[in-house]
Amino acid sequence: MAALSSSSSPSSFFFSTSSPHPKPTRFSTLVRMAYQENAPSLAVVGVTGAVGQEFLSVLSDRDFPYRSIKMLASKRSAGKHVRFHGEDHVVEELTADSFDGVDIALFSAGGSISKHFGPLAVHKGTIVVDNSSAFRMDGNVPLVIPEVNPEAMKGIKVGNGKGALIANPNCSTIICLMAVTPLHRHAKVLRMVVSTYQAASGAGAAAMEELVQQTREVLEGKPPTCNIFRDQYAFNLFSHNASVLSNGYNEEEMKLVKETRKIWSDANVKVTATCIRVPVMRAHAESINLQFENPLDENTAREILKNAPGVVIIDDRKANQFPTPLKVSNKDDIAVGRIRQDVSLDGNKGLDIFICGDQIRKGAALNAVQIAELLL
Ligand SMILES: NC(=O)c1ccc[n+]([C@@H]2O[C@H](COP(=O)([O-])OP(=O)(O)OC[C@H]3O[C@@H](n4cnc5c(N)ncnc54)[C@H](OP(=O)(O)O)[C@@H]3O)[C@@H](O)[C@H]2O)c1
C-alpha cells in the first residue's frame, strides 16, 4: 500500500530574497518563506466556509508567497477572526472595493457571489480563481486541473496588471480526471460511466454540522432536524441534492459530462454519471467504468497510475484493502484501487476502478492554490 502524501508535487516553491521579481524555483540554496514584500497580494472570498478554511490551510502548508492577505466573507462574519500563519486576521465584509490592489483572489462563496464580484475583481486587475460553477462552461474562461491541462491558462500571469478569471472544476470532476486522464492519454477513453458516493463536506460547513446533529438525534431516538437536505442524512443515502434537469440527470451529474469534455478538449467522449450523497463527513468516492479505443491491460494501467502525479494506488486484493474516504481525508493525493479488467468487454478494452479523494482539498482548495502557483 502506498503512503499518501499531505502535499503533492509541485511541492512548495522557494524564492530568492535577493531577486526583485521572485521567480519560482525549487530546492537549492534559496530561502523558504511565505510573507514577502514583492510577492502577490491575496484575497480569500468565503474564508469562513469549508473551502475557505481549507484555502488557508493549503496556502500555509505550501508556503504560498504573499505580501498581504484579505479575509473576506459576508456581513455576518465581518469582525470575526481567522488564523493564518500563526496570526489572527480580521474578516472583512466583501464589497465592490475589496479588490483594490489585490493580485490574486481565491473565491469560494457560491455561484451568485462569483457572478457578481468576479467580473468586478477582474476589472480591477485581479486574477480570480473561482471554485463555483458560475464560469466553468464559459468559453473564455479556462477550466483547469494543473496536472491535466495547465496549458489552458497559458498567458495568464500575475504582474502584468491584467485581471482574468480561471475556473476550478467541480470536485467530482477533478477527482475523477486525476485518475482517469493518465489512462486516457495511453488508451483513449471512448466512454466513461461514473457513480459517485459524495460526502457531507461537498455541501459546505452547514451540511457537515447537519450530519453530526442528525446522527446524535437518531441515536438518542429523536426526530432528525433536516435544514440543509430534504431527506434524512444520518444512516441514509440519497440522490445528489443538485437540481434535477429535464433530461433526468441532476446538475452534478451533467457537470461531470460537460466539464470532462472541456478539460480534455474532446467533444466526443461519452460520459454518464449517477451522483449519490452518502453519510460520510469528508472525501468523495467514485466507481468508474472505462471503455477504451485501444487495449489497456490492468498491469499496464497500474504502472501508469503508479507514475501519475497526485495519484496513489491502494489495491491489496489479498487483504481486501482499497481506497476509503477516511484513508484520503486531509490528504492531497487521489487514491485508486479495485483496478480490474472489465470482463464484459473483449480485448482488454475496458477497466473498472474505484477512487477516493478529499474533495475540499484536491477537489477545491488545493487545486485552486496549485492554479495560483502556476500564475507565479
Ligand atoms: N465544499 C466543497 O467540497 C466544494 C468543492 C468545490 C467547490 N465548492 C464551491 O465552493 C463554494 C463554497 O462552498 P463551501 O462548501 O465552502 O460553502 P460554505 O461552507 O457554506 O461557505 C460559504 C462561504 O461563502 C460566504 N458567503 C456567503 N454569502 C456571502 C456573501 N453574501 N458575501 C460574501 N461571502 C458570502 C460565507 O460567509 P459567511 O460565513 O459570512 O456566511 C462562507 O464563507 C460553493 O460555490 C461551492 O459550490 C465547494
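Conventions adopted
Residues numbered from 1 in each chain as written. Predicted model: local features only at pLDDT ≥ 70, side-chain atom pairs only at ≥ 80, totals over all residues. Heavy atoms only, no water. UniProt positions renumbered as here; feature names shortened; annotations may be inferred. Pairing = 2+ DSSP bridges. Helix = DSSP H or I, 4+ residues; strand = E, 2+ residues; numbered from the N terminus. Polar contact = N/O pair within 3.5 Å; in protein donor to acceptor, adjacent residues only side chain to side chain. Contact = heavy atoms within 4.5 Å. Salt bridge = Lys/Arg side-chain N within 4 Å of Asp/Glu carboxyl O. Buried < 20%, exposed > 50% of the residue type's maximum accessible area, 1.4 Å probe, protein only. Near = heavy atom within 4 Å. Domains from an automatic or database assignment. Disulfide = S-S within 2.5 Å. Core = buried A, V, L, I, M, F, W, Y, C linked by side-chain atoms within 4.5 Å.

- By the naming in an unreviewed UniProt entry, the protein chain is aspartate-semialdehyde dehydrogenase, taken from Cucumis sativus.
- Looking at the Subunit (unreviewed entry) heading of the UniProt record, one finds this comment for the protein chain: "Homodimer."
- The record held by UniProt for the protein chain lists under Catalytic activity (unreviewed entry) the comment "L-aspartate 4-semialdehyde + phosphate + NADP(+) = 4-phospho-L-aspartate + NADPH + H(+)".

### Focus on the pairing of strand β10 (residues 270-277)
Item 1. The sheet contact formed by strand β8 (residues 189-198) and β10 spans 8 bridges and is parallel. Paired with R191 across the two strands is K270, which belongs to β10.
Item 2. Where strand β9 (residues 238-239) lies against β10, 2 bridges are found, and the strand directions are antiparallel. Paired with F238 across the bridge in β10 is R277.

### As for the side chain of E252
Item 1. Within the fold, E252 resides in helix α5 (residues 251-264).
Item 2. Separated by 3.3 Å, the side chains of E252 and N170 make a polar contact.
Item 3. If we ignore the near neighbours within four places in the chain, the residues touching E252 are N170, C171, S172, Q198, H240, A242 and C275.

### Considerations on the pattern of salt bridges
Item 1. Taken as a whole and judged by the stated rule, the model has 19 salt bridges.
Item 2. R67 is paired through a salt bridge with D103; the nearest N and O atoms lie 3.4 Å apart. Here D103 lies in the loop between β4 (87-93) and β5 (104-107) and R67 lies in the loop between α1 (50-61) and β2 (68-73), a separation of 36 residues in the sequence.
Item 3. Take R67: its relative accessible area is 35%, and that puts it in the partly exposed class.
Item 4. A salt bridge links K362 to E147; the nearest nitrogen and oxygen atoms lie 2.8 Å apart. Remark: E147 occurs in the loop between β6 (127-130) and β7 (164-167) and K362 occurs in helix α8 (residues 361-375); sequence separation between them is 215 residues. Of the two residues, K362 and E147, both sit in the buried class.
Item 5. Among the charged side chains, a salt-bridge network with shared partners connects E54, D61, R282, D332, D358 and R361.

### Comments concerning the site of the ligand
Item 1. If you check the shell around the ligand, you find 25 residues, and the closest are T48, S74, R76, S77 and S201.
Item 2. In this structure, G49 approaches the ligand through a main-chain N or O atom, which is 3.0 Å from an oxygen atom.
Item 3. A distance of 2.9 Å separates an oxygen atom of the ligand from a polar backbone atom of A50.
Item 4. For the shell around the ligand, the elements supplying multiple residues, two or more each, are α1 and α8.
Item 5. Each of domain 1 (41-168 + 364-375) and domain 2 (173-361) accounts for three or more of the residues forming the shell around the ligand.

### Side note on the state of the cysteines
Item 1. Taken as a whole, this structure holds 0 disulfides when the rule is applied.
Item 2. Just so you know, C171 is unpaired, no disulfide at all, and the nearest cysteine sulfur is the one on C275, 9.0 Å from it.

### Examining the nonpolar core
Item 1. If you look at the biggest cluster of nonpolar residues, it comprises 55 residues, and the most contacted ones within it are F99, V180, L183, M192, I288, L290 and I353.
Item 2. No other element matches the 9 residues that helix α3 (residues 171-187) contributes to this core.
Item 3. Mapping this core onto the domain boundaries places at least three of its residues in each of domain 1 (41-168 + 364-375) and domain 2 (173-361).
Item 4. Residues within four places of I353 in sequence aside, it is in contact with A179, V180, E286, S287, I288, L290, V336, G337, R338 and I339.

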